[in-house]
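Descriptive analysis of the structure
Residues per chain, in single letters:
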Amino acid sequence: MLRNTLIVLVIVVLFLPLLPLLVWSFSQGWFFPQFIPEQWTFQHWIQVFSPASRVMEGLVQSLAIALTTTILSLLVGLPAGRAIGLMEFPGKAALKLFLLTPIIVSPLATLMGMQFVLIRLGLNGTLFAVVLVHLMPTIPYMTLVLASVFANFDMGYEIQARSLGASPLQVLSQVTLPLIAPGVVVGALFAFLISWNEFLLTFFVSAGRVFTLPMVLFTLLQGGNNGLTAAVAITSVVPGLLFLLLASNALQNETTLAGLGNV
Amino acid sequence: MSQLVLQNLTKHFLGATAVQDLWLEVQAGEILALLGPSGCGKSTILQMIAGVLQPDRGTIALDGKLLNRVPPEKRDIALVLQRGLLFPHLTVGENVAFGLKMRGINRAEREEKAIAMLHQVQLDGFGDRKPSALSGGQAQRVALARSLVIRPKLLLLDEPLSALDANLRAEMQDLILRLQTQTGVTLLIVTHDQAEAVVMSQRIALMFNGRLRQVDSPERIYQQPSDEPVAQFMGGVNFFAIQAQGQQWKLPNGLVLVSQHRHQGAIRATIRPEQIQVFTEMRSQNNVIPATVIANRFTGTQRRLTLAIAANLTLQAWVTPTQDFHVGQAVWAYLPPENLWYFSQTSALPQAVEVP
């Protein structure tokens, strides 16, 4: 009973703020004394899907950037996390601390320097530059998540698989990845959401040429069209929620967790 | 059936010697136990044979083919580790078929062979279960099946039974021996348990501190250990200084024993505690010496007596539990001449036998 009450409470706290957004997105003006708007419209949602508003363009670019960032940080985070989780080497503690610096140090402090370097390299305002700066916070998250997963991973599984005739690539695809899948899902979720919601780094590095969804939203917030802003805000929440649902589905699968022992 | 030859095998870890100049041959179809205390380097040897560790020096050859540069998956050597390590994301059947899948064998044939292999380890109908639903003994049987289904040239078992309880262990020992007979696979077992090595193997290679000390049949390593540490490891408890004049061996208290072995000068002698016979009456016979019972422990299968021979000389005699004794009782211990064994050199303890 208490448990159910708590769940309802959590849902209310999390989703109640979204309710006014939903109302706004379908209203033609919603002014103070009114409890609900007097006039309803689909106009904002039509606008969201029209090319003129550039919302869909931003959505596609955001998706492309977030997915690329996630895949790249996985490619770096997997071997790095494996090394930190499974092996002992001098300077390991220092390296782990060093990995946290992009999370600890405010991006504001490093933005100037980064932009300077990117301009020098002729990369400023490119999609690649945006992905590059997004990797700064995502790689540490990914690496640390995977390091803690690998710390509980028994390397005996890999030895066993190889002695049974699996090549190193087969060991990775048939044994290691399936066994650490929950960690990969959690790391990917972090990376995707960080990249998806990133505004400040994108804003500075894009030079107005790369237009992600948070930037569309920011522009709209300044414009004062509450209905459209609300519709875009809801749009920007959807992919993250979908990813989260998929991830929690994968995490609830007991067999994927079995390989992790007592994580 | 395949013959394994290790030559001059050496491995160091951070300056410490794990394995030093090891020469060992395992004959085709043979069961050899690599026996030694924890940390003596036996698992390191196994990992080098399996190919997951590279030796610093020396060669590993299977059927005359040099393996040093062959990756583990191409060696046809299957490894069963202590923890079993069934892949938790696969069913029992998929686990058994894993090696076949890696070899590109089609699903129908894989399943057929996996089912047949599960039958051989008496786990019919377990194919669809998850490893988490198995007991320790069942998991270890699946691990065996998974390794044998690929028909390896050599099967390596690393302490495969040490996580199981005593009853289950005996059952598994029988199963392993039966499977070995059926398949004829060359079998190398690593264990720290001398009883297990004796029961399971045709030959025992005993090692301390990364070096082989004796390679012999279980009988010989039991009766004729090469030195005192080997004898101690094999459960030897009776050691005494002897002045030998041919077959006349003089104990420190002046009593003379007769042995089958001839030697001159100072030696260390030993006799297995279960080979000493204890009489309650004096017998006029060689090697019967008076003693006093100073401890009497009943173990179920044996009665373990500690006998005082002289002030500084005690013997352990393990006799049948039906014979009853009491502490303080005067008895006569018979040390059969054929069971007296000796070490010509005074051997140091294993720790002291470091490489110069």
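Described below are features of the structure shown in this document. Please read all numbers here as calculations on a predicted model, not as lab measurements.

Each value, and the rule that gives it
- Residues numbered from 1 in each chain as written.
- Chains lettered and ligands numbered in written order.
- Predicted model: local features only at pLDDT ≥ 70, side-chain atom pairs only at ≥ 80, totals over all residues.
- Heavy atoms only, no water.
- Helix = DSSP H or I, 4+ residues; strand = E, 2+ residues; numbered from the N terminus.
- Buried < 20%, exposed > 50% of the residue type's maximum accessible area, 1.4 Å probe, protein only.
- Axes fitted to C-alpha atoms, helices over the stretch in contact; angles between N-to-C directions.
- Parallel < 35°, antiparallel > 145°, perpendicular 65-115°, else oblique.
- Left-handed = near helix turned anticlockwise from the far one by under 90°.
- Contact = heavy atoms within 4.5 Å.
- Nonpolar A, V, L, I, M, F, W, Y, C, P; charged D, E, K, R; others polar.
- Pairing = 2+ DSSP bridges.
- Core = buried A, V, L, I, M, F, W, Y, C linked by side-chain atoms within 4.5 Å.
- Salt bridge = Lys/Arg side-chain N within 4 Å of Asp/Glu carboxyl O.
- Buried area = accessible area lost by both parts, 1.4 Å probe.
- Polar contact = N/O pair within 3.5 Å; in protein donor to acceptor, adjacent residues only side chain to side chain.
- Phe/Tyr/Trp six-rings, centres within 6.5 Å; stacked < 30°, edge-to-face > 60°.
- Lys NZ or Arg CZ within 6 Å of the ring centre and 35° of its normal.

**Describing the overall build of chain A**
- Of regular secondary structure, chain A possesses 13 helices and 0 strands.
- Element order for chain A, N to C, with α for helix and β for strand: α-α-α-α-α-α-α-α-α-α-α-α-α.
- On the principal axes, the C-alpha backbone points of chain A span a range of 70 × 60 × 30 Å.
- Put simply, chain A has 263 residues, and 40% of those count as buried.

**Here we look at the packing of helix α2 (residues 92–102) of chain B against helix α3 (residues 107–120) of chain B**
Residue and element names in this part refer to chain B.
- Contact geometry of α2 with α3 gives a least axis separation of 9 Å together with a crossing angle of 120°. Here α2 is positioned oblique relative to α3, judged by the angle of their axes. The way α2 lies across α3 gives a crossing that is right-handed. For the pair α2 and α3, the contacting residues are V92, G93, V96, A97, L100 and K101 in the first and R110, K113, A114, M117 and L118 in the second.
- Residue classes in the contact of α2 with α3 are distributed as 7 nonpolar, 1 polar and 3 charged.

**A word on the pairing of strand β16 (residues 313–319) of chain B**
All names here are of chain B.
- Counted residue by residue, β16 has 5 buried out of 7 residues, so it is predominantly covered.
- Two strands pair when backbone bridges link them, and strand β15 (residues 303–310) and β16 are joined in this way by 7 bridges, in the antiparallel orientation. Within β16, the position partnered with R303 by the bridge is V319.
- The loop that links β15 with its antiparallel partner β16 comprises 2 residues.

**Observations concerning the sheet that holds strand β3 (residues 31–35) of chain B**
Residue and element names in this part refer to chain B.
- The 6 strands are arranged β6-β7-β8-β3-β9-β10 in an open sheet whose pairing can be described as mixed. Edge positions in the sheet fall to β6 (77–80) and β10 (211–216), since each of these pairs with one other strand and no more. Across the sheet, the axes of successive neighbouring strands diverge by a mean angle of 20°, strand direction being ignored.
- In the packing of helix α1 (residues 42–50) onto the sheet, contacts are made with β3, β6, β7 (154–158), β8 (186–191) and β9 (203–208), and the angle to β7 comes to roughly 150°.

**Here we look at the environment of Q245 of chain B**
All names here are of chain B.
- Inspection of the secondary structure assignment puts Q245 in strand β11 (residues 239–250).
- Taking the relative accessible area as the measure of exposure, Q245 reaches 61% and is therefore exposed.
- As a C-alpha pair, Q245 and A163 span 82 residues in sequence and 49 Å in three-dimensional space.
- Sequence-distant contacts of Q245, that is, excluding residues within four places in its chain, are made with H263 and Q264.

**Considering the packing of helix α4 (residues 55–86) of chain A against helix α11 (residues 213–223) of chain A**
All names here are of chain A.
- Two numbers describe how α4 lies on α11: the axes approach to 7 Å, and their chain directions differ by 145°. Contact residues: V55, G58, L59 and S62 in α4; L213, P214 and V216 in α11.
- When grouped by side-chain class, the residues that make up the contact of α4 with α11 number 5 nonpolar, 2 polar and no charged.

**Here's the deal with unusual backbone geometry**
Residues and elements named next belong to chain B.
- Despite not being glycine, Q122 shows a phi value in the positive range, around 60°.
- Among the secondary structure elements, Q122 is positioned in the loop between α3 and α4 (136–148).
- Of the residues examined, Q122 reaches a relative accessible area of 46% and is grouped as partly exposed.
- Its identity is not glycine, yet N209 carries a phi of approximately 45°, on the positive side.
- Residue position: N209 is located in the loop between β9 and β10.

**Examining α2 of chain B**
- With respect to burial, α2 of chain B is a largely interior element, 9 of its 11 residues being buried.
- Of the residues making up α2 of chain B, those classed as buried are V92, G93, N95, V96, A97, F98, G99, L100 and M102 of chain B.
- Of the surrounding secondary structure, the elements contacted by the buried residues of α2 of chain B are α8 (156–163) and α9 (168–197) of chain A together with α3 and α4 of chain B.

**Concerning the nonpolar core**
Residues and elements named next belong to chain B.
- Ranked by size, the top nonpolar core spans 88 residues in total, and within it L4, L6, I49, F98, L155 and L156 carry the most contacts.
- In this structure, L6 is in contact with L22, W23, L24, I45, I49, T59 and I60, ignoring residues within four places of it in sequence.
- L257, I289, V319 and L340 belong to the second largest nonpolar core, which has 27 residues in total.

**Digging into the pattern of salt bridges**
- By the definition in use, this model includes 18 salt bridges over all chains.
- Notably, a salt bridge pairs E57 of chain A with R54 of chain A, separated by 3.0 Å at the nearest N-O pair.
- Assessed through its relative accessible area of 34%, E57 of chain A is described here as partly exposed.
- Accessibility expressed as a relative area gives 33% for R54 of chain A, which makes it partly exposed.
- The salt bridge involving E159 of chain B is made with K42 of chain B; its shortest N-O contact spans 3.7 Å. Of the two residues, E159 of chain B sits in the loop between β7 and α5 (166–183) while K42 of chain B sits in helix α1, which places them 117 residues apart along the sequence.
- The exposure class of K42 of chain B is buried, given its relative accessible area of 4%.

**Some thoughts on the sheet that holds strand β2 (residues 16–26) of chain B**
Residues and elements named next belong to chain B.
- Reading across from one edge, β2-β1-β4-β5 is the order of the 4 strands in this open sheet, with antiparallel pairing throughout. In this open sheet, the two strands that pair with only one neighbour each are β2 and β5 (65–66).
- Note that strand β1 (residues 4–13) and strand β4 (residues 57–62) share 5 bridges and pair antiparallel. By the bridge assignment, L4 is partnered in β4 with L62.
- Across the sheet, α1 lies against β1, β2 and β4, angled at about 120° from β1, the strand it touches most.

**A closer look at the interface of chain B and chain A**
- Taken residue by residue, the interface counts 25 residues in chain B and 21 residues in chain A.
- Approximately 2000 Å² of surface area, both sides summed, lies buried where chain B meets chain A, with 64% of it carried by carbon and sulfur atoms.
- Its largest share of buried area at the contact with chain A, chain B owes to E73, H89 and M102 of chain B, together 29% of the area lost on that side.
- Taken together, chain B and chain A are joined by 2 salt bridges.
- With a shortest N-O distance of 2.7 Å, D154 of chain A and R83 of chain B are connected by a salt bridge.
- Linking chain B with chain A are 8 residue pairs in polar contact (both at pLDDT 80 or more).
- Taken together, the elements giving at least two residues each to the side of chain B that touches chain A come down to β6, α2 and α4 of chain B.
- Counted by class, the side of chain B that touches chain A contains 15 nonpolar, 4 polar and 6 charged residues.

**Let's talk about the side chain of T235 of chain A**
- Secondary-structure assignment places T235 of chain A in helix α12 (residues 226–252).
- If we skip the residues at most four places from it in the chain, T235 of chain A touches W45, V48, L59 and L213 of chain A.

**Things to note about the packing of aromatic side chains**
- With the rule as written, the count across this model stands at 18 aromatic pairs over all chains.
- Between F208 of chain B and F233 of chain B the ring centres are 5.7 Å apart and the planes differ by 75°, which places this aromatic pair in the edge-to-face class. A residue pair is termed long-range when its members are at least 10 positions apart, and F208 of chain B in strand β9 and F233 of chain B in helix α8 (residues 228–233) qualify at 25 residues.
- Centroid distance W249 of chain B to Y342 of chain B: 5.5 Å. Interplanar angle 75°. Geometry classified as edge-to-face. With W249 of chain B in strand β11 and Y342 of chain B in strand β18 (residues 341–343), the pair connects residues that are 93 residues apart, well separated along the chain.
- Owing to a relative accessible area of 18%, Y342 of chain B belongs among the buried residues under this scheme.
- One aromatic cluster is present, built from ring pairs that chain together F150, F153 and Y157 of chain A together with F87 and F98 of chain B.
- Across the ring face of F126 of chain B, the terminal group of R129 of chain B is positioned such that the distance to the ring centre comes to 4.0 Å.
- One residue, R146 of chain B, lies across the ring of F87 of chain B, its end atom 4.7 Å from the ring centre.

The analysis is restricted to geometry; functional conclusions fall outside its scope.
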